[in-house]
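Residue-level structure breakdown
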Amino acid sequence: MTLQQASKQLLFQLYHLYEEREAANIADLVMENITEWKRIDRVMNKELVLSPAKLELLEEFTVALLAHQPVQYVLNEAWFYGMKFYVDENVLIPRPETEELIEWVRQEKRSKGTGTKILDVGTGSGCIAIGLKKKLPLADVYACDISEKALSIAVKNARNMETDIQFIQCDFLNPAVSSHLPQSDIIISNPPYIPMKDKQEMHPNVLLYEPPLALFVADEEPFIFYQAIAAFAKTHLADNGSIFVETHEQLATDVKCLFMLNGFSNVEVRKDLQGRERMVRASSHQYK
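Residues numbered from 1 in each chain as written. Predicted model: local features only at pLDDT ≥ 70, side-chain atom pairs only at ≥ 80, totals over all residues. Heavy atoms only, no water.

1. Description of the overall build of the chain
- Looking only at helices and strands, the chain has 13 helices and 11 strands in total.
- Its C-alpha atoms give the chain a radius of gyration of 21 Å, near enough to 19 Å, the size a compact globule of 288 residues would have.
- Once the C-alpha set of the chain is aligned to its principal axes, its extents read approximately 70 × 40 × 35 Å.
- Out of the 288 residues belonging to the chain, those deemed buried represent 50%.
- Long-range pairs, those at least 24 residues apart, make up 64% of the contacts in the chain with a sequence separation of at least 6.
- Accessible surface for the chain amounts to roughly 14,500 Å². Of this, 50% is attributable to carbon and sulfur atoms.
- A distance of 6 Å separates the average location of the 30 positive side-chain charges in the chain from that of its 40 negative side-chain charges. (Helix = DSSP H or I, 4+ residues; strand = E, 2+ residues; numbered from the N terminus. Rg over C-alpha atoms; globule rule 2.2 N^0.38 Å. Buried < 20%, exposed > 50% of the residue type's maximum accessible area, 1.4 Å probe, protein only. Contact = heavy atoms within 4.5 Å. Areas by Shrake-Rupley, 256 points an atom, 1.4 Å probe, with all protein chains shown as cover. Lys, Arg positive; Asp, Glu negative; His and termini not counted. Charge placed at Lys NZ, Arg CZ, Asp CG, Glu CD.)

Dropping the structure here:
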């Protein structure tokens with residue numbers, strides 16, 4: 001089978017599950033992984049006959065994709081903030097919206113982070129912590145997560161990106177444990193925020209494969225992580241420090257109110273590039 005034939009076959013099979021553009025993007029990622037060639041090189045070598053080993057790998061990837069497994073998990077790689085991260089089913093797949101959260105921090109810390117301490121709560125793959133360390137190389141970056149498996153992946157990614165980050169296993173919702181985390185100038189988090197009731201609306205490739213612990217919160221406690229962050233920040237956020245969090249687009253205003261009710265000022269909601277209210281910043285706790 002030639003490279004062109006293999007590409008067309010995969011694309012045809014993906015059309016049964018995905019819209020045309022998404023299917024094309026997935027097929028492109030798979031063929032690039034298998035051949036280690038960019039698209040232009042694949043076009044120029046479209047009549048190349050794939051080896052039995054590459055065809056076997058293509059079949060393995062195709063079976064997984066047709067079972068709704070996200071392409072990032074199939075290939076064990078996800079591009080985020082211009083970097084290639086290792087990912088598997090123990091961590092969330094990094095999303096482009098989270099890059100915007102990092103950019104918001106970077107814009108406010110143009111001094112390159114001199115003397116700045118940053119804490120990433122619920123680090124998962126380490127994408128936020130690593131992205132910030134790359135943009136603010138003089139900052140001291142800490143990252144915590146309850147999952148030992150997630151932290152091992154974050155450590156692997158930090159090593160691959162040559163970033164010095166201190167990772168800490170921690171149940172952030174347990175104040176007796178989280179109280180030992182360092183005081184920081186910036187607390188940043190993309191915490192679990194999807195109510196359990198929203199499960200039925202989610203695509204199978206998310207629901208079946210991404211870790212529920214990193215996605216969902218109880219319907220009766222949709223703000224549990226934001227409340228924990230606010231309580232933690234009262235004693236662990238440095239003077240003139242800031243909190244940056246990602247939120248559910250329908251709950252951003254409520255999260256803003258939560259921080260205001262906890263005594264924080266300069267609380268702002270920001271929209272992502274799609275015009276959805278997805279980020280909140282809070283700073284300057286009034287009762288310190």
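2. Observations concerning the pairing of strand E9 (residues 237-246)
- Of all 10 residues in E9, 8 are buried, a share of seventy percent or more.
- As paired strands, strand E6 (residues 184-189) and E9 are joined by 5 bridges and run parallel to one another. Within E9, the residue paired with isoleucine 186 across the bridge is serine 242. (Pairing = 2+ DSSP bridges.)

3. Considering the side chain of lysine 133
- With respect to the helices, strands and loops of the structure, lysine 133 is situated in helix H7 (residues 127-135).
- Although lysine 133 lies buried, it forms no salt bridge, and the closest oppositely charged side chain, aspartate 140, sits 5.2 Å away as judged by the N-O distance.
- A distance of 2.7 Å separates a polar atom in the side chain of lysine 133 from the backbone oxygen of alanine 139.
- In contact with lysine 133, other than residues within four places in its own chain, are Ala139, Val141, Thr163, Asp164 and Ile165. (Salt bridge = Lys/Arg side-chain N within 4 Å of Asp/Glu carboxyl O. Polar contact = N/O pair within 3.5 Å; in protein donor to acceptor, adjacent residues only side chain to side chain.)

4. As for the packing of helix H2 (residues 20-35) against helix H4 (residues 52-66)
- Packing of H2 against H4 leaves a shortest axis separation of 10 Å and a crossing angle of 150°. The angle between H2 and H4 places the two elements in the roughly antiparallel class. Where H2 crosses over H4, the two elements pack in a sense that is right-handed. Here Ile26, Val30, Met31, Asn33, Ile34 and Thr35 of H2 come into contact with H4, specifically with Lys54, Leu57, Leu58, Phe61 and Leu65. (Axes fitted to C-alpha atoms, helices over the stretch in contact; angles between N-to-C directions. Parallel < 35°, antiparallel > 145°, perpendicular 65-115°, else oblique. Left-handed = near helix turned anticlockwise from the far one by under 90°.)

5. Section: the packing of helix H12 (residues 224-236) against helix H13 (residues 252-261)
- Contact pair H12 / H13: the axes reach a minimum separation of 10 Å and the direction vectors enclose 25°. In terms of orientation, H12 lies roughly parallel with respect to H13. With respect to the hand of their crossing, H12 and H13 are arranged in right-handed fashion. Facing Tyr226, Gln227, Ile229 and Ala230 of H12, the residues of H13 in contact are Val255, Leu258 and Phe259.
- Classifying every residue of the contact of H12 with H13 by side-chain character gives 6 nonpolar, 1 polar and no charged. (Nonpolar A, V, L, I, M, F, W, Y, C, P; charged D, E, K, R; others polar.)

6. Looking at the side chain of aspartate 145
- You can see aspartate 145 is positioned in strand E4 (residues 140-145).
- As a buried residue without a salt bridge, aspartate 145 has its nearest oppositely charged side chain in lysine 149, at a separation of 12 Å.
- Polar contacts involving the side chain of aspartate 145 include one to the main-chain amide nitrogen of serine 147, which spans 2.9 Å.

7. Digging into the packing of aromatic side chains
- Using the criterion set out here, one finds 5 aromatic pairs in the structure.
- Plain terms: the ring middles of phenylalanine 80 and tyrosine 81 are 6.1 Å apart, the flat faces sit at 40° to each other, and that makes the pair tilted. The residues phenylalanine 80 and tyrosine 81 share a single accessibility class, namely buried.
- A centroid spacing of 5.5 Å and a plane angle of 80° characterise the contact between tryptophan 104 and phenylalanine 244, whose relative ring orientation is edge-to-face. Here the residue tryptophan 104 occupies a position in helix H6 (residues 96-108), and phenylalanine 244 occupies one in strand E9, the gap between them amounting to 140 residues.
- Owing to a relative accessible area of 1%, tryptophan 104 belongs among the buried residues under this scheme.
- Of the aromatic side chains, those joined through ring pairs into one cluster are Phe80, Tyr81 and Phe85.
- Cation over ring: lysine 199 sits above phenylalanine 216, and NZ or CZ is 5.1 Å from the ring centre. (Phe/Tyr/Trp six-rings, centres within 6.5 Å; stacked < 30°, edge-to-face > 60°. Lys NZ or Arg CZ within 6 Å of the ring centre and 35° of its normal.)

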